[in-house]
Amino acid sequence: MVQLNQNFINHIAQDLPSDLSLDDFIHFCGQPLRLSIRVNTLKISCAHFIERMTPLGWSFEPIPWCKEGFWLTLEKDVQLGNTIEHLQGLFYIQEASSMLPPTALFQEYDFSHTDTLLDMASAPGSKTTQMAAMMNNQGLLIANEYSASRIKVLHANILRMGISNTALTHFDARVFGEYLYESADAILLDAPCSGEGTVRKDPDALIHWDPDKIDDIAATQKALIQSAFLALKPGGSLVYSTCTLNKAENQAVCLYLKDLYCDAVHFDNLSQLFCGADKAITEEGFLHVWPQLYDSEGFFVAKITKKQSVPRIAPKPNKQKNFPFSLASHKHTLALMDYFQHTFGIALSGQGTIMQRENEYWLFPTPFIPLIGSMRFQRIGLKLADSFKQGFKAKHEALIALGNNQASIALTQEEAISFLMGRDIILANKIKPQGEVLVSYEGQLLGMVKHLGNKLKNNLPRDLVKDKVAPL
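In what follows, the accompanying structure is described. Bear in mind the structure is a predicted one, so any value in this text is a computation, not a measurement.

Thresholds applied
Residues numbered from 1 in each chain as written. Predicted model: local features only at pLDDT ≥ 70, side-chain atom pairs only at ≥ 80, totals over all residues. Heavy atoms only, no water. Helix = DSSP H or I, 4+ residues; strand = E, 2+ residues; numbered from the N terminus. Rg over C-alpha atoms; globule rule 2.2 N^0.38 Å. Contact = heavy atoms within 4.5 Å. Areas by Shrake-Rupley, 256 points an atom, 1.4 Å probe, with all protein chains shown as cover. Core = buried A, V, L, I, M, F, W, Y, C linked by side-chain atoms within 4.5 Å. Buried < 20%, exposed > 50% of the residue type's maximum accessible area, 1.4 Å probe, protein only. Axes fitted to C-alpha atoms, helices over the stretch in contact; angles between N-to-C directions. Parallel < 35°, antiparallel > 145°, perpendicular 65-115°, else oblique. Left-handed = near helix turned anticlockwise from the far one by under 90°. Salt bridge = Lys/Arg side-chain N within 4 Å of Asp/Glu carboxyl O. Pairing = 2+ DSSP bridges.

### Some words on the overall build of the protein
Helix and strand content of the protein: 14 helices and 23 strands. Here the C-alpha radius of gyration of the protein, 24 Å, is about what a compact globule of 472 residues would show, namely 23 Å. Long-range contacts, defined as pairs at least 24 residues apart, comprise 73% of the intrachain contacts of the protein with a sequence gap of at least 6. For the protein, the accessible surface area stands at approximately 21100 Å², while carbon and sulfur atoms represent 49% of it.

Have a look at this one:
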């Protein structure tokens with residue numbers, strides 16, 4: 001049962017457009033939120049995913065603003081997060097409205113594989129993984145998260161979805177205007193907010209709503225949007241979004257930026273973003289999505305173009321020292337490439353820049369290299385392998401992101417479930433051991449095993465082992 005604070009109702013009534021009904025708003029806030037997912041096109045096409053899942057009782061209704069997004073109806077109760085397909089990274093459980101900001105960012109954006117994009121508030125990773133898929137794993141995507149407890153979840157989702165072009169940071173995002181001044185080609189700032197639009201997902205979200213807190217939140221948002229604008233290259237695009245509804249955290253924050261930088265700030269009109277977008281458009285050209293408009297969560301999206309350079313507000317920081325990685329030697333690079341090619345059928349050439357840290361080998365997105373020393377990064381690209389006297393040991397994350405199922409052993413559903421639960425797979429017939437091999441299910445990789453002749457020894461990382469996997 002949704003609990004709407006009466007003070008909130010009185011307050012939000014002042015911001016509700018005159019053509020919308022407060023009664024409708026209250027009614028839709030009390031309705032269950034429609035289940036929605038986004039297909040991960042880094043791993044599977046939408047057509048193939050729908051073809052695969054429809055016979056299992058899944059019905060798909062396209063979301064107008066995201067061609068990979070669908071409202072989902074299931075014939076039976078399914079724990080989506082425990083399905084093989086979810087664990088394979090074929091889809092992300094994502095609220096429909098939250099798919100809007102990346103869609104807006106990429107509207108009329110001529111993305112180049114050398115571009116650097118910044119997601120300033122990334123966890124748990126829905127928009128980060130959406131952007132990475134739209135980038136087709138090319139370029140560099142800097143994913144920042146301020147909360148230390150949420151970094152692990154963000155990283156896990158990035159790896160599950162097979163993403164290789166990210167560099168993770170852990171900062172208060174107000175630092176980016178200083179450390180990455182005019183370095184990003186495009187930026188998404190999905191700002192921390194009061195969450196007024198999330199009440200359909202969290203019925204208790206507004207029980208303790210307090211108008212006095214909004215001014216403090218808006219002050220943080222203004223500092224963040226200024227930092228984002230400073231980090232943006234001239235000619236680049238910034239999307240500012242929130243999952244709240246009041247104007248103080250939305251329109252007013254964007255107008256604050258306009259007051260600061262005047263002609264350098266241009267508000268892009270989003271009325272043509274998708275069919276029906278005009279229903280949510282504000283006089284400035286922003287999208288202000290009320291729950292009753294599209295039967296979704298409430299959301300706000302603004303797109304801003306930086307028309308000209310603006311001055312720094314802080315001196316250029318000193319270079320960060322003691323970067324622990326160095327370019328891998330030509331000899332080691334060739335040996336590593338040979339190992340991946342002959343063992344797994346994976347070509348590393350052209351995938352990025354191979355770096356070394358002691359006995360570890362990593363694949364960095366090539367556009368990251370000029371940023372070395374600009375600031376501290378938590379994790380960059382993919383860990384490819386560890387080296388030992390007898391050779392290399394490939395890492396699960398690299399195999400999942402870079403591998404293909406052509407050189408894999410196909411598992412049955414029962415075997416796939418056993419694999420994801422960390423169990424070895426006994427072979428019906430003993431044959432010659434084959435060493436390290438990939439395993440797959442329904443044409444999509446699951447991970448690596450060691451073929452011992454009579455069984456497949458499980459090499460799934462311990463932190464990925466599941467207590468329960470739900471068959472469909």
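After that view of the structure, there is still more to cover.
### Overview of the nonpolar core
Ranked by size, the top nonpolar core spans 52 residues in total, and within it Trp65 and Leu287 carry the most contacts. Examining the composition of this core, we find that 4 residues originate from one element, helix H5 (residues 100–106), more than from any other. Not counting residues up to four positions away in its chain, the partners in contact with leucine 287 are Leu100, Leu270, Leu273, Phe274, Ala277, Ala280, Ile281, Phe299, Phe300 and Val301. Of all hydrophobic cores here, the second largest spans 44 residues; its members include Tyr181, Ile187, Val253 and Phe286.

### Overview of helix H6 (residues 126–134)
Counting buried positions along H6 yields 8 of 9 residues, so the element is predominantly enclosed. Among the residues making up H6, those that are buried are Ser126, Lys127, Thr128, Thr129, Gln130, Met131, Ala132 and Ala133. One or two positions beyond H6, positive phi appears at asparagine 136, with a value near 55°.

### A short note on the packing of helix H9 (residues 211–231) against helix H10 (residues 251–261)
Remark: H9 packs on H10, axes separated minimally by 9 Å, with the N-to-C direction vectors making an angle of 50°. Our classification of the angle between H9 and H10 gives oblique. Handedness of the crossing formed by H9 with H10: right-handed. Between H9 and H10, the residues in contact are Ala218, Gln221, Lys222, Ile225, Gln226, Phe229 and Leu230 and Ala252, Val253, Cys254, Tyr256, Leu257, Leu260 and Tyr261, respectively.

### A short note on the pattern of salt bridges
Applying the stated criterion across every chain yields a total of 18 salt bridges. A salt bridge links aspartate 172 to arginine 174; the shortest N-O distance between them is 2.7 Å. With relative accessibility at 42%, the residue arginine 174 sits in the partly exposed group. Here lysine 306 and glutamate 182 are joined by a salt bridge, their closest N and O atoms 2.9 Å apart. Separated by 124 residues along the polypeptide, lysine 306 in strand E12 (residues 299–306) and glutamate 182 in the loop between helix H8 (176–179) and strand E8 (184–190) bring together distant segments of the chain. Pair check on accessibility: lysine 306 and glutamate 182 agree, each one buried. Among the ionic contacts, a cluster of salt bridges with common partners joins Arg357, Glu360, Lys383, Asp386 and Lys395.

### Observations concerning the environment of alanine 314
Considering the arrangement of structural elements, one finds alanine 314 in the loop between E12 and strand E13 (326–327). A sequence separation of 68 residues divides alanine 314 from asparagine 246, and the C-alpha atoms of the two residues are 31 Å apart.

### Some thoughts on H10
All of the buried residues along H10 are Gln251, Val253, Cys254, Leu257 and Tyr261. Turning to H10, the residues buried within the fold contact H9, strand E9 (232–242), strand E10 (265–268), strand E11 (287–289) and E12. Just downstream of H10 lies cysteine 262, where phi reads positive at about 45°.

### Description of unusual backbone geometry
For the peptide bond that leads from alanine 123 to proline 124, omega is 5°, which places it in the cis range. Positionally, proline 124 belongs in the loop between strand E5 (116–119) and H6. Notably, asparagine 136 is not glycine yet its phi reads approximately 55°, a positive angle. The phi angle at glutamate 182 is positive, at roughly 50°, despite the residue not being glycine.

### What to know about the sheet that holds strand E23 (residues 455–458)
Reading across from one edge, E19-E21-E22-E23-E20 is the order of the 5 strands in this open sheet, with mixed pairing throughout. Both edges of this open sheet fall to strand E19 (408–410) and strand E20 (425–426), since each of them pairs with a single strand only. Across 3 bridges, strand E22 (residues 444–451) lies against E23 in antiparallel orientation. Across the sheet, residue histidine 451 finds its bridge partner in E23, namely leucine 456. Taken strand by strand, helix H14 (residues 413–420) contacts E19, E20, strand E21 (435–441), E22 and E23, and its axis lies near 75° from that of E22.

### What to know about the pairing of strand E18 (residues 391–394)
Pairing of strand E17 (residues 382–388) with E18, which is carried by 4 bridges, proceeds in the antiparallel orientation. Across the sheet, serine 387 pairs through a bridge with phenylalanine 392, a residue of E18. Hairpin connection between E17 and E18: a loop of 2 residues separates the two successive antiparallel strands.

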